[in-house]
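# Architecture and fold: a report
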Amino acid sequence: MIESDALGRRGDPEEYAGAEGAGEGEGAGDRTPRGRRGGRRRGGTGGGNRRDGGPGLGRRRRVVALVAGGALVLTGAGVAASVVVKSPAQVAAEADAPEQGVLTAPVEKRVLKESVVLRGTVVAGQSVDVTVSAAGTTGVSRAVVTKAPEPVGAKVTAGQVIAEVSGRPVFALKGRVPVYRDLKSGTSGDDVKQLQDALDRLGHASSPDTRGVFGAGTRRALAAFYASIGYDPVSSQPDGATAVQDAQDAVTAAERAVQDAKDAVDARATPETRRAAERADQDLERARTRLSEAQAEAGPMLPASEVVYLSAFPARVDSVSAVLGSTVTGTVMTVSAGRLAVDGYLQEGQKGLVRAEQRAEILQEQTGKVTRARVRSVASAPAAGQPADAASGGAEGDAPASGQQPAAQGYRMVVVPDTPLASGTVGQDVRLTVEAASTDGKALVVPVAAVSAASDGGTVVTVVGAGGKQRRVAVRTGTTGDGHVEVTAVGGAALAEGDQVVTGVRAGAGDAA
């Protein structure tokens, strides 16, 4: 561009001067036309003017435009940099802690509950281990299963034979008094009365025996029951039959002596014959007494190993530990009866929250069924025999070792359902939820964090009113649960549902944290 201007000046100085004069005297838009006209007047020809003057001026205009645009760009970049780039002082000022506010929560009116959740196991109201022995059975030295026991899950009815050991039956009768002795003639007590009642329900009356006394009527009833199930009763004495026969022979002889004495008196009534007749009668009476005693001693008895008393029927077979032909050394089977319940074990920190008659829920997680229940009892001392390692607490979700209780060692709690659980749930692991505490109907509750201690030792909540104005309300606390606490305003202060109470302090909106 500099070279072009120089050529223009050398080619026609006057025209160049004329063009500059036009630029000085007129607007920028008139410079080119006037320069061209002046050139034609003075030079006579326009070829040199078009070549030298016109292109040089256009180039100069483009240079000016480029310079102006560059200035604008630089100006904008400077403004942007001034906005984006911050000084250290400005950064420090903006890093200062923002203004703080308060966190609030509404006062609610509802029923507040505190719950204790733990594991439990479904158990029967009564569970009996069936044990037998061969003691007292003539000619038997060991107990052998001679008839397979009823299978697991089988129903058991009153009077039913559930197993046979060494040829002797094991049957179930209704009752609650545990078996602890053999019952035979002459014994008395509540267990005898229980036997008489059970036989009466099966149609074998024990009258005219006094209730609770094992007499002739009870012997007859027991003998009739054994006959109904296809077995002979056990004799009270191993050689009882021989003793009875001997006593019977003595009675027969005494009866004949009495008859002979009467005949002698009839033939000749003298003091001697009369005295002989009286003695014969006395001998007969003693013989009959001995016969009764022998019959009682040799009569049917109820061995403790042949009966299982259950509180209700139908009962259930829960487990069987013996098979046909096996030698019995302990428990043959376990039979349960009565309403199913759930056993759980409370930890030390939970025991004080749970008491009898509190409401509870039983969740059968396999089916999702929830059953309402109540706490029947809580032990006053820790249960003995619980797994020691369970008490230490394993990882969550760890299954208990085989044969161990799923619950940790603690205080045994028994929960009974409002509606019966299915018999097939015996032994099932369930979840228990006990309502440890509850408000009496709906009450005002606030988050626990909203309650603070006052200088006078009381408790207060801070209510935020219109315009952010705060006021302190003295309250009395009650039931806690679910992160909330029951509150009652005291001292005439007002507290209502929907009021906003302070639960904490929060940083302002500018705080990234």
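The following paragraphs examine the structure supplied in this document. Note that the structure is predicted; figures quoted are calculated from it, not measured. (Residues numbered from 1 in each chain as written. Predicted model: local features only at pLDDT ≥ 70, side-chain atom pairs only at ≥ 80, totals over all residues. Heavy atoms only, no water.)

## Considerations on the overall build of the protein chain
Summing up its helical and strand segments, the protein chain has eleven helices and 24 strands in all. Evaluated residue by residue, the protein chain yields a buried proportion of 35% over its 513 residues. The contacts in the protein chain between residues at least 6 apart in sequence include a share of 69% that link residues at least 24 apart. Summing over all exposed atoms, the protein chain offers an accessible surface of approximately 29200 Å²; the carbon and sulfur share of this is 52%. (Helix = DSSP H or I, 4+ residues; strand = E, 2+ residues; numbered from the N terminus. Buried < 20%, exposed > 50% of the residue type's maximum accessible area, 1.4 Å probe, protein only. Contact = heavy atoms within 4.5 Å. Areas by Shrake-Rupley, 256 points an atom, 1.4 Å probe, with all protein chains shown as cover.)

## A closer look at the packing of aromatic side chains
Applying the stated criterion across every chain yields a total of three aromatic pairs. Between the aromatic rings of Phe 171 and Tyr 226, the centroid separation amounts to 5.7 Å while the plane-to-plane angle is 85°, which identifies the pairing as edge-to-face. Of this pair, Phe 171 sits in strand 8 (residues 168-174) while Tyr 226 is found in helix 7 (residues 216-228), placing the two residues 55 residues apart along the sequence. In this structure Phe 171 comes out as buried when scored by relative accessible area, which is 0%. (Phe/Tyr/Trp six-rings, centres within 6.5 Å; stacked < 30°, edge-to-face > 60°.)

## Some points on the sheet that holds strand 12 (residues 315-320)
Spatially, the four strands line up as an open sheet ordered 4-13-12-6, and their pairing is antiparallel. Looking along the sheet, the strands with just one partner apiece sit at the ends: strand 4 (126-131) and strand 6 (155-156). Of the strand pairs in this sheet, strand 6 and strand 12 are connected by two bridges, and their pairing is antiparallel. Bridge pairing in strand 12 places Val 156 opposite Ala 315. (Pairing = 2+ DSSP bridges.)

## Section: the nonpolar core
One finds Ile 162, Leu 310, Met 333 and Val 335 to be the most contacted residues of the largest nonpolar core, which totals 22 residues. Every element with two or more residues in this core is listed here: strand 4, strand 7 (161-165), strand 8, strand 11 (307-310), strand 12 and strand 13 (331-337). It is strand 13 that provides the largest number of residues to this core, a total of four residues. The residues contacting Met 333, other than those within four sequence positions of it, are Val 128, Asp 129, Val 130, Pro 149, Glu 150, Ile 162, Ala 163, Val 317, Ser 319, Val 320 and Ser 321. Membership of the second largest hydrophobic core comes to 20 residues, among which are Leu 346, Met 413, Val 430 and Leu 432. (Core = buried A, V, L, I, M, F, W, Y, C linked by side-chain atoms within 4.5 Å.)

## Focus on the environment of Val 170
Positionally, Val 170 belongs in strand 8. The exposure class assigned to Val 170 is buried, which follows from its relative accessible area of 2%. For the pair formed by Val 170 and Ser 305, sequence separation is 135 residues and the distance between their alpha carbons is 7.2 Å. Excluding anything up to four places from it in sequence, Val 170 contacts Val 130, Val 132, Gln 160, Val 161, Ile 162, Ala 163, Ser 305, Glu 306 and Val 308.

## Things to note about helix 6 (residues 190-201)
For helix 6, which comprises twelve residues, the first-to-last C-alpha distance of 17 Å matches the rise-based estimate of 16 Å (1.5 Å per residue) to within 8%. Taken as a whole, helix 6 has its buried residues at Asp 191, Val 192, Gln 194, Leu 195, Gln 196, Ala 198 and Leu 199. Next to the buried residues of helix 6 lie strand 8, helix 7 and strand 11. (Expected span 1.5 Å × (residues − 1).)

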